Amino acid sequence: MKMKLYKISFIMMLIVSLLMFIISLYFFMYDYSLMLEFQFYNFMTMKFSMLMLIDWMSCIFISFVLLISSMVVNYSMDYMMMDKSKDRFLILVLMFVFSMILLIISPNLMSILIGWDGLGFVSYCLVVYFQNIKSYSAGMMTILSNRIGDISLLFSIIFMMNYGSWNFMIYKMFYMDMNMFMVMIFVLIASITKSAQIPFSSWLPMAMAAPTPVSALVHSSTLVTAGVYLMIRFNYMFMNNMLMNLLLIISSLTMFMAGIGANYEYDLKKIIALSTLSQLSLMMVILSLGKYELAFFHLLVHALFKALMFLCAGVIIHNLMMIQDIRKMGSLINLMPLECSCLILSNMILCGMPFLSGFYSSDLILEMMMMMKINLLCMFLVIISTGLTVMYSVRLIYYLMIMDYQFYSFMNISKNVKNMSFSMMLMMVLSMFMGSMLMWLIFNFSDIVLLPFYLKNLVLFICLLGGFIGYLINKFNECIYKNKVMMMNNLYKIFMFNSMMWFLPHISVNLFIYKSMKMSKSYLKMIDLGWLEFYGSMGFYNNILNLVKKIQIYHINNYMIYMSMFYFWFMIIYIIFMFI
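### Section: the overall build of the protein
Move 1: Along the protein, the regular secondary structure elements total 21 helices and two strands.
Move 2: Looking at the protein as a whole, 54% of its 580 residues are labelled buried.
Move 3: A sequence separation of at least 24 residues applies to 81% of the contacts in the protein between residues at least 6 apart.
Move 4: A total accessible area of about 28400 Å² is found for the protein, and carbon and sulfur atoms account for 73% of it.

### Quick look at unusual backbone geometry
Move 1: Residue Ile198 is joined to Pro199 through a cis peptide bond whose omega torsion reads 5 degrees.
Move 2: Tracing the backbone through its elements, the reader meets Pro199 in the loop between α6 (178–194) and α7 (203–206).
Move 3: We note that Ala196 has phi near 60 degrees; this positive angle belongs to a residue other than glycine.
Move 4: Structurally, Ala196 can be placed in the loop between α6 and α7.
Move 5: For Phe355, which is not glycine, the phi torsion reads 75 degrees and is therefore positive.
Move 6: Take Phe355: it is sitting in the loop between α13 (337–351) and α14 (357–371).

### Remarks on the packing of helix α10 (residues 242–264) against helix α15 (residues 376–402)
Move 1: As a packed pair, α10 and α15 sit with axes 8 Å apart at the nearest point and diverge in direction by 25 degrees. Taken as axis vectors, α10 and α15 run roughly parallel relative to one another. Seen along the crossing, α10 lies across α15 with a hand that is left-handed. Along the contact surface, α10 presents Leu248, Ile249, Ser252, Leu253, Met255, Phe256, Gly259, Ile260, Ala262, Asn263 and Tyr264, while α15 presents Cys378, Leu381, Val382, Ile384, Ser385, Thr386, Leu388, Met391, Tyr392 and Arg395.

### Topic: the side chain of Ser385
Move 1: If you trace the backbone, Ser385 turns up in helix α15.
Move 2: Note on Ser385: relative accessible area 0%, which makes it buried.
Move 3: At a separation of 2.6 Å, a polar atom in the side chain of Ser385 contacts the main-chain carbonyl oxygen of Leu381.
Move 4: Ser385 has contacts with Met255 and Phe256, leaving out every residue within four places of it along the chain.

### Digging into α6
Move 1: Here α6 contains 17 residues, and its C-alpha end-to-end distance of 25 Å stays within 8% of the 24 Å for a straight helix at 1.5 Å per residue.
Move 2: Of all 17 residues in α6, 13 are buried; the element is thus mostly enclosed.
Move 3: Positioned one or two residues after α6, Ala196 has a phi angle of 60 degrees, which is positive.

### Thoughts on the confidence of the model for the protein
Move 1: Residues at a pLDDT of 70 or more form 84% of the protein, whose mean pLDDT is 79.
Move 2: Within the protein, helix α11 (residues 268–288) carries the highest mean pLDDT (88), whereas helix α19 (residues 489–499) carries the lowest (63).
Move 3: Low pLDDT, under 50, characterises residues 483–487; the stretch is placed with three contacts to residues that sit more than four places away or in other chains.

### Let's talk about the environment of Phe89
Move 1: Of note, Phe89 is situated in helix α3 (residues 86–104).
Move 2: Accessibility expressed as a relative area gives 1% for Phe89, which makes it buried.
Move 3: In this structure the C-alpha to C-alpha distance between Phe89 and Ser76, which are 13 residues apart in sequence, comes to 9.3 Å.
Move 4: Dropping the residues within four chain positions of it, Phe89 is found in contact with Tyr6, Ser76, Met80, Tyr129, Pro211, Pro213 and Val214.

### Quick look at α15
Move 1: Across its 27 residues, α15 extends 38 Å between first and last C-alpha, which sits within 8% of the 39 Å expected from 1.5 Å per residue.
Move 2: Counted residue by residue, α15 has 20 buried out of 27 residues, so it is predominantly covered.

### Examining the packing of α6 against helix α9 (residues 226–233)
Move 1: For the pair α6 and α9, the least separation of the axes is 7 Å and the interaxial angle reads 150 degrees. By the criterion of interaxial angle, the relationship of α6 to α9 is roughly antiparallel. Judged by residue contacts, Val187, Leu188, Ser191 and Lys194 of α6 engage Ala226, Gly227, Leu230 and Met231 from α9.

### Structural notes on the side chain of Ser152
Move 1: Inspection of the secondary structure puts Ser152 in helix α5 (residues 133–160).
Move 2: The exposure class of Ser152 is buried, given its relative accessible area of 5%.
Move 3: Setting aside chain neighbours within four positions, we find Ser152 in contact with Phe186, Ile189 and Ala190.

### Observations concerning the environment of Leu396
Move 1: Inspection of the secondary structure assignment puts Leu396 in helix α15.
Move 2: Counting along the chain gives 128 residues from Leu396 to Leu268, while the straight-line C-alpha distance between them is 8.1 Å.
Move 3: Leaving out residues up to four positions away in the same chain, Leu396 has contacts with Leu268, Ile271, Ile326 and Asn347.

### Considering the nonpolar core
Move 1: Ranked by internal contacts, the top residues of the largest apolar core, which has 184 residues, are Phe238, Leu268, Phe296 and Leu400.
Move 2: The biggest single contributor to this core is helix α12 (residues 292–319), with 20 residues.
Move 3: The contacts of Leu400, once residues within four sequence positions are left out, are Leu268, Ile316, Ile326, Met329, Gly330, Ser331, Leu332 and Leu343.

### Looking at the pattern of salt bridges
Move 1: Counted according to the given criterion, the structure contains three salt bridges.
Move 2: Of the charged contacts, one joins Arg233 and Asp55 as a salt bridge, the two residues approaching to 3.1 Å between their closest N and O atoms. With Arg233 in helix α9 and Asp55 in the loop between β2 (46–54) and α2 (56–79), the pair connects residues that are 178 residues apart, well separated along the chain.
Move 3: Note that Arg147 and Asp150 form a salt bridge whose closest N and O atoms lie 2.8 Å from each other. Placement of both Arg147 and Asp150 in helix α5 is noted, with a separation of three residues, approximately one turn of the helix.
Move 4: Each member of the salt-bridge network shares a partner with another, and the members are Asp117, Arg147 and Asp150.

### Examining the packing of aromatic side chains
Move 1: In this structure the tally under the stated criterion is 18 aromatic pairs.
Move 2: Arranged with centres 5.1 Å apart and planes meeting at 20 degrees, the rings of Phe155 and Phe186 form a pair that is stacked. Taken together, the residues Phe155 in helix α5 and Phe186 in helix α6 connect sequence positions 31 residues apart.
Move 3: The exposure class assigned to Phe155 is partly exposed, which follows from its relative accessible area of 38%.
Move 4: The structure contains a cluster of three or more aromatic residues connected by ring pairs, namely Phe28, Trp56, Phe61, Tyr229 and Phe296.
Move 5: The residue whose ring lies beneath Arg395 is Tyr266, and the NZ or CZ to ring-centre distance is 4.8 Å.

Reading guide: rules and limits
Residues numbered from 1 in each chain as written. Predicted model: local features only at pLDDT ≥ 70, side-chain atom pairs only at ≥ 80, totals over all residues. Heavy atoms only, no water. Helix = DSSP H or I, 4+ residues; strand = E, 2+ residues; numbered from the N terminus. Buried < 20%, exposed > 50% of the residue type's maximum accessible area, 1.4 Å probe, protein only. Contact = heavy atoms within 4.5 Å. Areas by Shrake-Rupley, 256 points an atom, 1.4 Å probe, with all protein chains shown as cover. Axes fitted to C-alpha atoms, helices over the stretch in contact; angles between N-to-C directions. Parallel < 35°, antiparallel > 145°, perpendicular 65-115°, else oblique. Left-handed = near helix turned anticlockwise from the far one by under 90°. Polar contact = N/O pair within 3.5 Å; in protein donor to acceptor, adjacent residues only side chain to side chain. Expected span 1.5 Å × (residues − 1). pLDDT = per-residue confidence, 0-100. Core = buried A, V, L, I, M, F, W, Y, C linked by side-chain atoms within 4.5 Å. Salt bridge = Lys/Arg side-chain N within 4 Å of Asp/Glu carboxyl O. Phe/Tyr/Trp six-rings, centres within 6.5 Å; stacked < 30°, edge-to-face > 60°. Lys NZ or Arg CZ within 6 Å of the ring centre and 35° of its normal.

The following block contains the structure:
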């Protein structure tokens, strides 16, 4: 019965996805958009209403979200087969998809907040799905980091009350106003929080504690892309603004940090998560330069091949008895040829292999960036990060495919994975060809790329150089690992600094939580378990109780004395009367 619910959900989402894609083609062809408003009540001059904006951008994004969600649900029929809480998992996934759709179609900050909070809450429930200490810690880190963005969105709602409405798409003319400037600041904070830019990057790799199908959904088209999509919707407010320069610096630094961290990481899912962080930063870079359609194009393409990467990684982890350390893998191409071929293809798309989907988006982004007036340091960081992307992709393929297999005893290849294979094959075909199709659909080629020969081939050169350096570093690391050569102290510090994402998890946790927890412990010892034990409410109660007991004892003692004296004199008088 539970598997039937999975099949029904899969078929329904797939049908609606195709329908929304056809509607998006119609809207795009005729430049048509539809806005529906459902008003609830008025408060003074404020209208509380539910507003839905249906245009080509929202329709095609909903189509991609439902497509990836349907593949994830179909994939989960095999992946979650032995789980006892399959129904809870399906309900959480459907709630997650509904929250994302609500966010996509909302041009109103109040309705955006409902979908935004729904994403944060359901993501917490999915991260803590396995109910252990690691999942609980990751879930708390995820939801507390996202609460910062929720609070920023609440502040933006407060400042937009000055305009009498929360429909932000009608305020183009006010973007230089002070209140709108504050709205832009808070929307920017909310976006970089949800999309895990510096200094809020530490929660994204920790969210890998969720089941792998959830990771394929969360880190491709839903949770982490919500911040980018919000910035795309607010793009006209950020034109010619110094906030865009700040976003450019933050996103380029995040991309560089994620590229370095992925080259030092050994957890398979965290490597792909850091890859997601790097690609989100690339979208933010081109958003900060005003090319929102190009950012949306890369958002759609990235959703497809990143979902494929997570699905392939899930099959590998499932067959290796939940082992995620890539040092314990190797020669998997001989054991799982289909899954490894899909993973290699998704890595090639990520690296921007010519005439695959990633080439059409990432290469165009880098070429447009080199045409524009941009900070030289930021351009240098983005170009180097592109080489780092190829480095960790080659490193991942080397450890999984080329290196000798380490632990044969853990291999348990399941043959009954038809649903998994179907999802991966369909996502592979879409990831290969959807890039060129979307490029013909979205762009009218009014922006012509004119670059000299050395800049035109710079990206290709950097990619080839990054792949070659990555292969050499992997061979060197393998020699160190086999010969048991200990790293020097300085090299170990550099390794720790880069592998811990520039110590951002420690800064995020220890800087704010450790001091407050230490102060709370001192308060507990000195006040709660100290003075308040004697003079607080419990101490007051105990003192009153002791006083009442003493009074009772005093009265009882006095009563016994009076009664004994009374009986004594009574006996004397009785004896006297007897003798008289």
